[in-house]
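Results of the structural survey
Here are the chains, one letter per residue:
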Amino acid sequence: MKSSVLICTQQQQFYLQEFEIPRLAPNELLVRCVWSGVSVGTEFAVIRNKIDYGPYPISTGYQAVGYVEDAGAEVTKFEVGDKVYFRRNYIPMVVDGRTVTICSGAHASHSLMPEDAEVAHLPDGVDEATAALFVMPSVGYNAVDMAGVQMGDVVAFHAVGLIGLGALAAARLRGAVTIAIDLNPQRLEMAKQMGAAHTINAGELSSEELVARVLEIQPGGADVVFEGSGVPACLDLAFPLARLRGKFVFLGHYGNAPVSFNYLVPHAKQLTAFFPCNDGLAPCREAVLRNIATGAIPWEKTITHRVAASESPDLYASINREELPDLFGAVIHWS
């Protein structure tokens, strides 16, 4: 049996390649993928070498949903036919004598993984395509938990991509008053659908006017500010939004290079900073998926593009050339 996998070259070219699936080890699962989700931020940071995970060719993708197709003799947690969500693929891949760097590698028709890897049963009632975008809201959920957002807090989200939206939805569920700030009207409209109490189009305002708008909502500034752009220059735009002794969350990924900012602003405000790193692992992922299942997080609204696996190379090429201005969430259908 073979697995069809999305591959990226050093020239940022994309294609599907088949690889032999090895015999399962006693503790391994073989999962047939149904949907995998695209991470425009992290994946394309890797593709463009903003984040270096190793040499090309590379295989990206870190969120997918599928069915257990085979299980090793020592597997106890899963049975053939179980519906699961997962983050990793351990199928060995070699192209033209070069080992493929697996940056999770979940954009594949089949994935191989130990049963104690990042794989779990999908909760009942979750749409499969929507579940394939589980990581971004989980990252946001984890960040909100780290920052200790409380009932009644006024929380500003500077940039509301998928991770920012996930954090906003989590803060709203905790009873916070949420402010979505972005340059993109489409993102602001999506933020309203996720429950944003206020939206501010930063493209229409100077930095001083942006601060003034936040102060109109909460005199003194926001209790917590999440900066989600991943652009270092935006940090100096977001720090002034926080109140004295407030909290600041570095929600975006700012790459491998050193990051600088105007020290005096967060220093004078005596801010407490948080640096969330992952999606909160199993407890956070399950909480997010159960909230999606009940409709508490209407995450299906974030999906703007659905493509067949055969179309995935063209989708990635278009995203890489920035030809899809209306793109928000994207999922790939494998089977």
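Quick summary incoming for the structure in this document. (Residues numbered from 1 in each chain as written. Predicted model: local features only at pLDDT ≥ 70, side-chain atom pairs only at ≥ 80, totals over all residues. Heavy atoms only, no water.)

When helices and strands are tallied, the chain shows 10 helices and 19 strands. For 335 residues, the compact-globule estimate of 2.2 N^0.38 gives 20 Å, and the C-alpha radius of gyration of the chain, at 20 Å, lies within 12% of that figure. Principal-axis analysis of the C-alpha atoms places the extent of the chain at approximately 60 × 40 × 30 Å. Taken across its 335 residues, the chain has 55% of its residues classed as buried. Here the contacts in the chain between residues at least 6 apart in sequence split such that 70% fall between residues at least 24 apart. Of the roughly 14300 Å² of accessible surface on the chain, 51% is carried by carbon and sulfur atoms. Positive and negative charge centroids in the chain, built from 24 and 36 side chains respectively, lie 4 Å apart. (Helix = DSSP H or I, 4+ residues; strand = E, 2+ residues; numbered from the N terminus. Rg over C-alpha atoms; globule rule 2.2 N^0.38 Å. Buried < 20%, exposed > 50% of the residue type's maximum accessible area, 1.4 Å probe, protein only. Contact = heavy atoms within 4.5 Å. Areas by Shrake-Rupley, 256 points an atom, 1.4 Å probe, with all protein chains shown as cover. Lys, Arg positive; Asp, Glu negative; His and termini not counted. Charge placed at Lys NZ, Arg CZ, Asp CG, Glu CD.)

What follows deals with the nonpolar core. Counting 51 residues, the largest nonpolar core has Val149, Phe226 and Trp299 as its most contacted members. For this core, the secondary-structure elements that each account for two or more residues are β3 (28–37), α2 (128–131), α3 (135–147), β12 (154–158), α4 (162–173), α5 (185–193), β15 (222–227) and α9 (281–294). When sequence neighbours within four positions are dropped, the list of residues in contact with Trp299 reads Thr130, Leu133, Met136, Pro137, Leu162, Leu165, Gly166, Met194 and Ile292. Formed by 35 residues, the second largest nonpolar core is a distinct cluster that contains Cys8, Cys33, Phe44 and Phe78. (Core = buried A, V, L, I, M, F, W, Y, C linked by side-chain atoms within 4.5 Å.)

Turning our eyes to something else, we now look at the packing of helix α1 (residues 40–47) against helix α10 (residues 312–320). Axes are the key here: two packed helices are described by the angle between their axes and the distance separating the axes. The geometry of α1 relative to α10 is characterised by a closest axis approach of 11 Å and an angle of 85 degrees between their N-to-C directions. Judged by the inter-axis angle, α1 sits roughly perpendicular to α10. Packed against α1, whose contacting residues are Val40, Glu43, Phe44 and Ile47, the element α10 presents Tyr316, Ile319 and Asn320 at the interface. In terms of residue class, the contact of α1 with α10 is built from 5 nonpolar, 1 polar and 1 charged. (Axes fitted to C-alpha atoms, helices over the stretch in contact; angles between N-to-C directions. Parallel < 35°, antiparallel > 145°, perpendicular 65-115°, else oblique. Nonpolar A, V, L, I, M, F, W, Y, C, P; charged D, E, K, R; others polar.)

Attention shifts here to the packing of aromatic side chains. Taken as a whole, this structure holds 11 aromatic pairs when the rule is applied. Here Phe239 and Phe250 contribute two aromatic rings whose centre-to-centre distance is 6.2 Å and whose plane-to-plane angle is 70 degrees, an arrangement assigned as edge-to-face. Taken as a pair, Phe239 in the loop between α7 (235–238) and β16 (242–250) and Phe250 in strand β16 lie far apart in primary sequence, 11 residues in all. Assessed through its relative accessible area of 10%, Phe250 is described here as buried. Connected via pairs of aromatic rings, a cluster forms that spans Phe239, Phe248, Phe250, Tyr254, Phe261 and Phe275. (Phe/Tyr/Trp six-rings, centres within 6.5 Å; stacked < 30°, edge-to-face > 60°.)

A regular strand places its side chains on the two faces of the sheet in alternate fashion. Counting buried positions along strand β19 (residues 329–333) yields 4 of 5 residues, so the element is predominantly enclosed. Relative to β19, β3 runs antiparallel, the two being bridged by 3 bridges. When the sheet's bridge partners are listed, Trp35 is paired in β19 with His333. In the sheet, strand β18 (residues 303–308) pairs with β19 via 5 bridges, with the strands oriented parallel. Bridge pairing links Ala308 to His333 in β19. (Pairing = 2+ DSSP bridges.)

Across the junction of Tyr56 and Pro57, the peptide omega takes the value -5 degrees, indicating a cis bond. With respect to the helices, strands and loops of the structure, Pro57 is situated in the loop between α1 and β4 (58–59). Although it is not a glycine, Gln270 sits at a positive phi angle of roughly 55 degrees. Note that Gln270 resides in the loop between α8 (264–269) and β17 (272–274).

To continue, consider the packing of α3 against α4. Where α3 meets α4, the axes come as close as 7 Å, and the angle between the chain directions of the two elements is 50 degrees. In this view, α3 runs oblique relative to α4, as classed from their interaxial angle. The crossing of α3 and α4 is right-handed. The segment α3 lies against α4, with Met136, Pro137, Val139, Gly140, Tyr141 and Val144 engaging Leu162, Ile163, Gly166, Ala167, Ala170, Ala171 and Leu173. In terms of residue class, the contact of α3 with α4 is built from 11 nonpolar, 2 polar and no charged. (Left-handed = near helix turned anticlockwise from the far one by under 90°.)

Take the pattern of salt bridges next. Enumeration according to the criterion identifies 12 salt bridges in this entry. For Glu128, the salt bridge is made with Lys83, and the minimal N-O distance between the two is 3.3 Å. One end of the pair, Glu128, is in helix α2; the other, Lys83, is in strand β6 (residues 83–86), with 45 residues separating them in the sequence. (Salt bridge = Lys/Arg side-chain N within 4 Å of Asp/Glu carboxyl O.)

Before going further, it helps to examine the sheet that holds strand β14 (residues 198–201). Read across the sheet, 6 strands follow the order β14-β13-β12-β15-β16-β17 without closing on themselves; strand pairing throughout is parallel. On the outer flanks of this sheet lie β14 and β17, each paired with one strand and no other. Averaged over all adjacent pairs, the angle separating strand axes in this sheet is 20 degrees, with direction ignored. Sheet topology note: the β15/β16 ladder contains 5 bridges and is parallel. Bridge assignment links Phe226 to a residue of β16, and that residue is Val249.

Moving on, we come to a nonpolar patch on the surface. A cluster of nonpolar side chains, contributed by Val259, Phe261, Tyr263 and Leu264, occupies part of the molecular surface with about 400 Å² of accessible area. Structurally, the position occupied by Phe261 is in the loop between β16 and α8. (Patch = residues over 30% accessible without salt bridge, like charges linked within 9 Å, V, L, I, M, F, W, Y side chains within 5 Å.)

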